[in-house]
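What follows is each chain in one-letter form.
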Amino acid sequence: MPFARLALRMPLLALIHRSASCLIMCGAGLQSPGYARMIGTMNCTRCKTKAVLKLPRHNAAFCKDCFNSFVHDQVYKAIRSQEMFGKNDRILVAVSGGKDSLALWDILLKLGYKTDALYVNLGIGGYSESSQEKVVHFSKTVAAGYGAVLHIHTVEREGGAGIRELAMMVHRPTCSTCGTIKRYQFNRIAVEQGYDVMATGHNLDDEAARLLGNVLHWQNEYLEKQGPSLPASVDGFAKKVKPLYRLAERELAAYCVLNGIDYVVEECPMAQGARTLLYKEVLNRLETESPGTKQMFYWGFLEKSRTTEMPTNIMEKDRSTLHPCSLCGQPTTAETCSYCKLMARANTSTAG
Ligand code: SF4
Ligand SMILES: [Zn+2]
Ligand SMILES: [Zn+2]
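Residues numbered from 1 in each chain as written. Chains lettered and ligands numbered in written order. Predicted model: local features only at pLDDT ≥ 70, side-chain atom pairs only at ≥ 80, totals over all residues.

**What to know about the overall build of the protein**
A count of helical and extended segments in the protein gives 17 helices and ten strands. Intrachain contacts of the protein at a sequence separation of at least 6 include 70% that bridge at least 24 residues. (Helix = DSSP H or I, 4+ residues; strand = E, 2+ residues; numbered from the N terminus. Contact = placed C-beta atoms within 7 Å.)

This is how it looks when you write it as structure tokens:
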């Protein structure tokens, strides 16, 4: 009884309910008693057995098996249509312990792609401890069976302090310090270890919210790079892809729950008040009123970008502005890259 199994997971779903990003999921109604009553009478659109999940934006309901093949199809379509990678490429997935990145690792392995993962421990107390635990558990119980490897980078070991302390030392917001460090380490490890491409778990909700933010502020430079596949424009940069851009946050949470993937439910404590959460909430309200809005917004943007002449080609622009950092060799527009500058400032602060 697929629905009964889902019902048994209700305490986990109730936990999801409390996390900030999942206010969005709740808008879609996965956990409400009304939803349970409604889905209880529905059959799977594909095989006509009892459905466990309704997807209003696709006007469909699925049983567990059909939902899994729907999710796998969406990822496969994303990979093929955006020419992300092939079966012979080595892929490095950035995992955080959250639902999206663990679902991505699981899906790519099941689709037969050679996929290892990298986890960056940010040193944020209990949050980092439990997220690392989830990643290690998934790696041992699922990924190892496919011969996949988990790399772990610990910020404190290299930077001498966790992300919050480093941010204080350099007088920068924690999330911006975190972004600099994660981007740098993911790229460095992908390039040094000879991976062909680096994949992240950004989903449709993430991309639609980011697009809304970029459009509201007319961030043209960011808009140019909002696609789900960014080429390795210069030596020292890994190709970056987002194979989950066709799937909503709620669908990925359901995928984890239905497939027994144990992920960290709490948001990073630093995420509170982030502007992206507000954009997600707004988009979710629109989605509730009019299913398919997020998809129309983001996919429409991708279609327009494909058919519109971009003022500058990303590859050409990067090649004319980037050169190796004088300290570490990673591509940068300045003399030294932002990571090396950050570490130098942190070291000065410690010495002082
Ligand atoms: S919320 Fe901020 S500190 Fe936490 S993982 Fe995201 S960027 Fe890093
Ligand atoms: Zn079915
Ligand atoms: Zn550098």
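**A look at the site of ligand 1**
Ligand 1 sits among I163, T174, C175, C178, G179, C268, M270 and A271. Tallying contributions element by element places helix α10 (residues 174–192) first for the shell around ligand 1, with four residues. Residues belonging to the shell around ligand 1 are distributed by class as follows: six nonpolar, two polar and no charged. (Near = placed C-beta within 6 Å. Nonpolar A, V, L, I, M, F, W, Y, C, P; charged D, E, K, R; others polar.)

**Some thoughts on the sheet that holds strand β3 (residues 90–95)**
The six strands are arranged β5-β4-β3-β6-β8-β7 in an open sheet whose pairing can be described as mixed. Each end of this open sheet is capped by a strand with a single partner; those strands are β5 (150–154) and β7 (229–230). Sheet topology places strand β6 (residues 197–199) next to strand β8 (residues 239–241); three bridges connect them, and they run parallel. What sits directly across from M198, in β8, is K240. Strands in contact with helix α6 (residues 99–110) are β3, β4 (114–121) and β6; relative to β3, the strand with the most contacts, it is inclined by about 160 degrees. Running over the sheet, α10 touches β3, β4, β5 and β6 and is turned about 145 degrees from β4. (Pairing = 2+ DSSP bridges. Axes fitted to C-alpha atoms, helices over the stretch in contact; angles between N-to-C directions.)

**Some points on the nonpolar core**
Nonpolar side chains tend toward joint burial in soluble globular proteins. Judged by nonpolar contacts, the single largest core of 79 residues is most densely connected at V93 and W105. Each residue touching W105, except ones within four places of it in the same chain, is listed here: V93, V95, T115, A117, F138 and A143. (Core = buried A, V, L, I, M, F, W, Y, C linked by C-beta atoms within 7 Å. Buried ≥ 20, exposed ≤ 12 C-beta atoms within 10 Å, placed from the backbone.)

**Observations regarding the pairing of β5**
Relative to β5, β4 runs parallel, the two sharing five bridges. Looking at the pairing, Y119 lines up with I152 of β5. With helix α7 (residues 125–141) bridging β4 and its parallel neighbour β5, the resulting β-α-β unit is right-handed. (Right-handed = clockwise from strand over helix to strand, strands pointing away.)

**Description of the pairing of β4**
For β4, the tally of buried residues reaches six of eight residues, placing the bulk of the element in the interior. Bridge analysis of β3 against β4 gives six bridges, and the strand direction is parallel. Residue pairing across strands places V95 opposite Y119, the latter belonging to β4.

**Describing the environment of T115**
Topologically, T115 is positioned in strand β4. Given 26 C-beta atoms within a 10 Å radius, T115 is considered buried. Those residues in contact with T115 that lie beyond four places of it in its chain are I91, V93, W105, L108, L109 and A148.

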